[in-house]
Amino acid sequence: MEEAIKNVIKETKPRMESTIEDLRRKLATIRTGRATVSLLDSVIVEYYGVPTPLNQMASIHVAEPQLITVQPWDQSQLTAVEKAIRNADLGLNPTNDGKIIRVPVPPLTEERRKQLAKQVHEIAEDHRTAVRNIRRDANERLKKLFKEKRISEDEERSGLEEVQKLTNTYIAKIDELAKHKEQEIMHV
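Description of the structure in this document. (Residues numbered from 1 in each chain as written. Predicted model: local features only at pLDDT ≥ 70, side-chain atom pairs only at ≥ 80, totals over all residues. Heavy atoms only, no water.)

## Remarks on the overall build of the chain
When you go through the chain residue by residue, the secondary structure sums to 4 helices and 6 strands. For the chain, the sequential pattern of α-helices and β-strands runs α-β-β-β-β-α-β-β-α-α. Considering only C-alpha atoms, the chain reaches an extent of 70 × 40 × 20 Å along its principal axes. Sorting the 188 residues of the chain into buried and exposed places 37% on the buried side. Looking at the chain alone, contacts between residues at least 24 apart form 65% of all its contacts between residues at least 6 apart. Taking the 32 positively charged and 31 negatively charged side chains of the chain as two groups, their mean positions are separated by 1 Å. (Helix = DSSP H or I, 4+ residues; strand = E, 2+ residues; numbered from the N terminus. Buried < 20%, exposed > 50% of the residue type's maximum accessible area, 1.4 Å probe, protein only. Contact = heavy atoms within 4.5 Å. Lys, Arg positive; Asp, Glu negative; His and termini not counted. Charge placed at Lys NZ, Arg CZ, Asp CG, Glu CD.)

## Description of the layout of surface pockets
Considered as a void within the structure, the largest pocket measures approximately 310 Å³ in volume. Contributing to the lining of the largest pocket are 14 residues, with Lys-26, Thr-29, Ile-30, Leu-90 and Gln-119 lying nearest its centre. For the lining of the largest pocket, the secondary structure elements donating two or more residues are helix H1 (3–28) and helix H3 (110–147). The greatest single-element share of the lining of the largest pocket, amounting to 4 residues, is contributed by H3. Its residues assigned to classes, the lining of the largest pocket shows 6 nonpolar, 2 polar and 6 charged. (1 Å grid on protein atoms, 1.4 Å probe; cavity = no way out; pocket = protein on both sides within 12 Å on 5 of 7 lines; lining within 4 Å. Points joined across faces, edges and corners; volume = space filled by probe spheres on them. Nonpolar A, V, L, I, M, F, W, Y, C, P; charged D, E, K, R; others polar.)

## Some thoughts on the sheet that holds strand S4 (residues 67–72)
Strand order in this open sheet of 4 strands is S3-S4-S6-S5, and the pairing throughout is antiparallel. Each of the sheet's edge strands pairs with one partner strand only, and the pair in question is strand S3 (58–64) and strand S5 (95–96). When S5 meets strand S6 (residues 101–104), the two strands line up antiparallel, connected through 2 bridges. The partner of Thr-95 across the bridge, within S6, is Arg-102. Sheet strands in contact with helix H2 (residues 78–87) are S4, S5 and S6, and its direction is about 15° off that of S6. (Pairing = 2+ DSSP bridges. Axes fitted to C-alpha atoms, helices over the stretch in contact; angles between N-to-C directions.)

## Here we look at H1
Between its first and last C-alpha, H1 extends 38 Å over 26 residues, near the 38 Å set by a 1.5 Å rise per residue. When H1 is considered as a whole, its buried residues turn out to be Ala-4, Ile-5, Val-8, Ile-9, Thr-12, Met-16, Thr-19, Ile-20, Leu-23 and Leu-27. On its buried face, H1 is in contact with H3 and helix H4 (153–186). (Expected span 1.5 Å × (residues − 1).)

## A short note on H4
Here H4 spans 49 Å end to end across 34 residues, near enough to the 50 Å set by a 1.5 Å rise per residue. Along H4, the positions that sit buried rather than exposed are Glu-156, Gly-159, Val-163, Leu-166, Thr-167, Tyr-170, Ile-171, Ile-174, Ala-178, Lys-181 and Ile-185. Summarising the contacts, the buried residues of H4 are in contact with H1 and H3.

## Looking at unusual backbone geometry
Positive phi, close to 50°, is recorded for Tyr-48, a residue that is not glycine. Its location among the elements puts Tyr-48 in the loop between strand S1 (44–47) and strand S2 (50–53).

## So, the environment of Arg-113
Examined against the element boundaries, Arg-113 turns out to sit in helix H3. Arg-113 sits 69 residues away from Glu-182 along the chain, and the two C-alpha atoms are 8.8 Å apart.

## Overview of the packing of H1 against H4
Look at H1 against H4: their axes get within 11 Å of each other, and the N-to-C directions meet at 10°. Relative to H4, the element H1 lies roughly parallel. Among the residues forming the contact of H1 with H4, the class breakdown is 13 nonpolar, 3 polar and 8 charged. (Parallel < 35°, antiparallel > 145°, perpendicular 65-115°, else oblique.)

Written out as structure tokens, the structure reads:
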């Protein structure tokens, strides 16, 4: 295979891989009815006027299967952290005893499970689209190489097939991750 085609493939693969990593991060923040530290990854606290991710200013632990504890390193930020968790639209209701914030994770209702499953579908579809856009970019680059007569028609065809194989592999990974997360959510 022509060196130019190998370069296109070599640059396409990490872009698709980073799409999968992004999907993993987004799925980790979706609640499954069990307490996980990653549940609070999206929480941003106003820390002396600077929006700061919660995990950069507090110790977060799963104390029990249905309870997360948050201990800010700066005790003066307890109420700010509590407020940020409450406002993060995660359906959580934290309480603070002056030293530590307890975040009970209520079991999911059937309706909430369905909403979350739908959210998983939407996130997965966004990432499938991202992979398809990466495929389109790669295909356009291959067609341009052919147009500039830097590769033959056969090389272009094999390059396009290679890009399609990559695309199929990454779309399958997305489907697998989404299916797994959905089973996790729907499992009571």
